[in-house]
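Read off the chains here:
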Amino acid sequence: MFLEQGIKPQNKFWLYLIGSVLIIIASFIGQIPFSIAVFYRSFVKKEAFPSDNAAIMNMFEPNITLFLIMISFAFALVGIYFVVKYLHRQTFLSVTTSRKKIDWKRIRFSFILWSFFSVLSFLAVYFKSPENFIWNFKPVPFLILVVLGSILIPIQTSTEEYVFRGYLMQGFANLAHNKWFPLMMTSLIFGSMHVFNPEVAKMGYVIMVYYIGTGLFLGVITLMDEGMELALGFHAANNLIGALLVTSDWSVFQTHSLFKDTSEPSAGLDVILPVVVIYPVLLFIFSKKYKWNDWKEKLTGKINVVEISNQ
């Protein structure tokens, strides 16, 4: 039912291309404050103009950088809302879930479950090699990070989920009229969006297995559960707990986290383990709790077009 909610005669695929451009434009508008701040420091304060993305990310205090970065996601989320409502004439609920209302219990369960796994995974790595970490706790900056992160990071992760597991997944379903094509395409695009992250430069393209695998996992739980709630909870926990627990000089941006990783990054078991072990465990837990069945039909079947009363 989730994908079917986006299937309408007027929802031609070219509309999704236009909608995607409009969402990108909204995101660019949201980047204007960051750009103004960079130019102010460079031309008014007479500081050196940053030569690359890493230099830009280190121009400001980490909490300020976090705030400036997240503004663009808030604008993009508003852009998604207006594109869905006025370009495709759908309700926002229809790109969120097939249920009559958003199931916040599902979001909360997924958030808590992945938070538990994330903390457990970090502790395992920490106790294995404690020499690779330094205590980075500063009370006031950390508390500011908790407040900012708790508000802004879920906006960022929700924006990404609405783009990939909501808007584009229904868009590719309109194009292909099956379920496997939207699942594969959104997973590949989601993974490729991370290709310019500094982690890729440090660890090599093998880390793309993790990014694409995560996109695939999020797509699978969305299709099996007929809604994005579990993906929304997982993604928010993944980014928020990560930002609060540990930072490093080579990550996409630094935070006032509890710990700082000083080790030289390398792609090893920690890249493959989540995709081949931890994600299947999560799928098993979700499937038992929510009584999933008919996996083949829900992940690879043809789209059954139905009339949806709330659109």
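Please read all numbers here as calculations on a predicted model, not as lab measurements. (Residues numbered from 1 in each chain as written. Predicted model: local features only at pLDDT ≥ 70, side-chain atom pairs only at ≥ 80, totals over all residues. Heavy atoms only, no water.)

1. Points about unusual backbone geometry
Right, so step 1: A positive phi angle, close to 55 degrees, is found at histidine 177, a residue other than glycine.
Right, so step 2: By secondary structure assignment, the location of histidine 177 is in the loop between α6 (139–176) and α7 (180–192).
Right, so step 3: Residue histidine 177 is classed as partly exposed on the basis of its relative accessible area, which comes to 38%.
Right, so step 4: In this model, glutamate 226 sits at a positive phi of 55 degrees, which is unusual for a non-glycine residue.
Right, so step 5: Mapped onto the secondary structure, glutamate 226 falls in the loop between α9 (208–225) and α10 (229–245).
Right, so step 6: On the basis of relative accessible area, glutamate 226 is assigned to the buried category, the value being 17%. (Helix = DSSP H or I, 4+ residues; strand = E, 2+ residues; numbered from the N terminus. Buried < 20%, exposed > 50% of the residue type's maximum accessible area, 1.4 Å probe, protein only.)

2. Observations regarding the layout of surface pockets
Right, so step 1: Approximately 200 Å³ is the volume found for the second largest pocket.
Right, so step 2: Considering the residues around the second largest pocket, the lining is formed by 13 residues, among which Trp104, Ile107, Ser158, Tyr162 and Leu232 are closest to the centre.
Right, so step 3: At four residues, the largest contribution of residues to the lining of the second largest pocket is made by α6.
Right, so step 4: Of the residues assigned to the lining of the second largest pocket, the class counts are nine nonpolar, four polar and no charged. (1 Å grid on protein atoms, 1.4 Å probe; cavity = no way out; pocket = protein on both sides within 12 Å on 5 of 7 lines; lining within 4 Å. Points joined across faces, edges and corners; volume = space filled by probe spheres on them. Nonpolar A, V, L, I, M, F, W, Y, C, P; charged D, E, K, R; others polar.)

3. Side note on empty space enclosed by the protein
Right, so step 1: If you walk through the whole model with that rule in mind, you get one cavity of 30 Å³ or more.
Right, so step 2: Here the largest cavity defines a volume of roughly 30 Å³.
Right, so step 3: Grouping the amino acids of the lining of the largest cavity by side-chain chemistry returns four nonpolar, no polar and four charged.

4. Side note on the environment of isoleucine 64
Right, so step 1: Summarising the element assignment, isoleucine 64 is placed in helix α4 (residues 62–87).
Right, so step 2: Overall, the relative accessible area of 43% leaves isoleucine 64 in the partly exposed class.

5. Here we look at helix α11 (residues 269–290)
Right, so step 1: A rise of 1.5 Å per residue sets the reference length of α11, with its 22 residues, at 32 Å; its end C-alpha atoms lie 30 Å apart and thus fit the reference within 8%.
Right, so step 2: Where α11 bends most, the angle comes to about 35 degrees, and this point is isoleucine 278, followed within four residues by the proline proline 280.
Right, so step 3: Those residues of α11 that sit buried are Val271, Pro274, Ile278, Tyr279, Leu282, Leu283, Phe286, Ser287 and Tyr290.
Right, so step 4: Buried residues along α11 sit in contact with α5 (104–128), α9, α10 and α12 (295–300).
Right, so step 5: Positive phi shows up at lysine 291, right after α11, with a value of about 55 degrees. (Expected span 1.5 Å × (residues − 1). Bend = angle between axes of the 7 residues up to and from the residue. Contact = heavy atoms within 4.5 Å.)

6. Overview of the pattern of salt bridges
Right, so step 1: This structure, assessed with the given rule, holds six salt bridges.
Right, so step 2: Of the charged contacts in the structure, one is a salt bridge between arginine 106 and aspartate 103, with a shortest N-O distance of 2.8 Å. (Salt bridge = Lys/Arg side-chain N within 4 Å of Asp/Glu carboxyl O.)

Everything listed is a geometric property; what it means functionally is a separate question.
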